[in-house]
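# Summary of the model geometry
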Amino acid sequence: MLAALKGKENVIQLVDFFYSLDSRERLIQNSVFEFCDKNLEDVLKELEKGPKKHLDLADIKRYIKEILNGLKHMHELRIVHRDLKPENILI
């Protein structure tokens, strides 16, 4: 699925993948993704600790636009995201 979404905006990009063997000789697939240092859940938790307790309206609008744009690309390819939650929204 990620190969089909290559180059699409607002969708995590797969940089590379390779196979290796673990200590018990089992085949492991390793995926390398573009770097995103936090997710929406992290952002919301940081807000709780600080003096500002909510996202700015401009940030909310930007996040919603980017989420919907990514989902649009997925839905055009008949791909459904079944686990959409703040922890899986990478920033």
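Values in this document were obtained by computation on a predicted structure and should not be read as measured data. (Residues numbered from 1 in each chain as written. Predicted model: local features only at pLDDT ≥ 70, side-chain atom pairs only at ≥ 80, totals over all residues. Heavy atoms only, no water.)

## Observations concerning helix α2 (residues 57-76)
Relative to the 28 Å expected for 20 residues at 1.5 Å per residue, α2 spans 28 Å between its end C-alpha atoms, a close match to the ideal helical length. Regarding α2, the residues found buried are Y63, N69, G70, L71, H73 and M74. The positive-phi residue at the C-terminal boundary of α2 is R78, with phi of around 60°. (Helix = DSSP H or I, 4+ residues; strand = E, 2+ residues; numbered from the N terminus. Expected span 1.5 Å × (residues − 1). Buried < 20%, exposed > 50% of the residue type's maximum accessible area, 1.4 Å probe, protein only.)

## Focus: the pairing of strand β2 (residues 27-33)
Both strand β1 (residues 14-21) and β2 contribute to a ladder of 7 bridges, which runs antiparallel. Across the sheet, residue D16 finds its bridge partner in β2, namely V32. (Pairing = 2+ DSSP bridges.)

## Observations concerning unusual backbone geometry
The backbone phi angle of N10 is positive, close to 65°, even though this residue is not glycine. Within the fold, N10 resides in the segment before β1. The backbone phi angle of E25 is positive, close to 65°, even though this residue is not glycine. If you trace the backbone, E25 turns up in the loop between β1 and β2. For E25, a relative accessible area of 58% puts it in the exposed group.

## Quick look at the layout of surface pockets
In this structure, the largest pocket spans a volume of roughly 780 Å³. Lining the largest pocket are 26 residues; nearest its centre among them are N10, V11, I12, H81 and N88. Top contributing element to the lining of the largest pocket by residue count: α2, with 7 residues. A class-by-class count of the residues in the lining of the largest pocket yields 17 nonpolar, 4 polar and 5 charged. (1 Å grid on protein atoms, 1.4 Å probe; cavity = no way out; pocket = protein on both sides within 12 Å on 5 of 7 lines; lining within 4 Å. Points joined across faces, edges and corners; volume = space filled by probe spheres on them. Nonpolar A, V, L, I, M, F, W, Y, C, P; charged D, E, K, R; others polar.)

## A word on the confidence of the model for the protein
Caution applies to low-pLDDT parts of the model: their predicted coordinates are not meant to be read in detail. Per-residue confidence for the protein gives a mean pLDDT of 95, with 100% of residues at or over 70. The least confident element of the protein is helix α1 (residues 40-49), whose mean pLDDT is 94; the most confident is α2, at 97. (pLDDT = per-residue confidence, 0-100.)

## A word on the packing of aromatic side chains
Counted according to the given criterion, the structure contains 1 aromatic pair. Ring centres of F17 and Y19 lie 6.0 Å apart, and the angle between their planes is 90°; on these two criteria the pair is classed as edge-to-face. Judged by relative accessible area, F17 falls into the partly exposed class, the value being 40%. (Phe/Tyr/Trp six-rings, centres within 6.5 Å; stacked < 30°, edge-to-face > 60°.)

## A closer look at a nonpolar patch on the surface
A cluster of nonpolar side chains, contributed by F17, Y19, L21 and L27, occupies part of the molecular surface with about 450 Å² of accessible area. The leading source of residues in the nonpolar patch is β1, at 3 residues. Looking at the secondary structure, you find L27 in strand β2. The exposed category is assigned to L27, whose relative accessible area is 59%. (Patch = residues over 30% accessible without salt bridge, like charges linked within 9 Å, V, L, I, M, F, W, Y side chains within 5 Å. Areas by Shrake-Rupley, 256 points an atom, 1.4 Å probe, with all protein chains shown as cover. Salt bridge = Lys/Arg side-chain N within 4 Å of Asp/Glu carboxyl O.)

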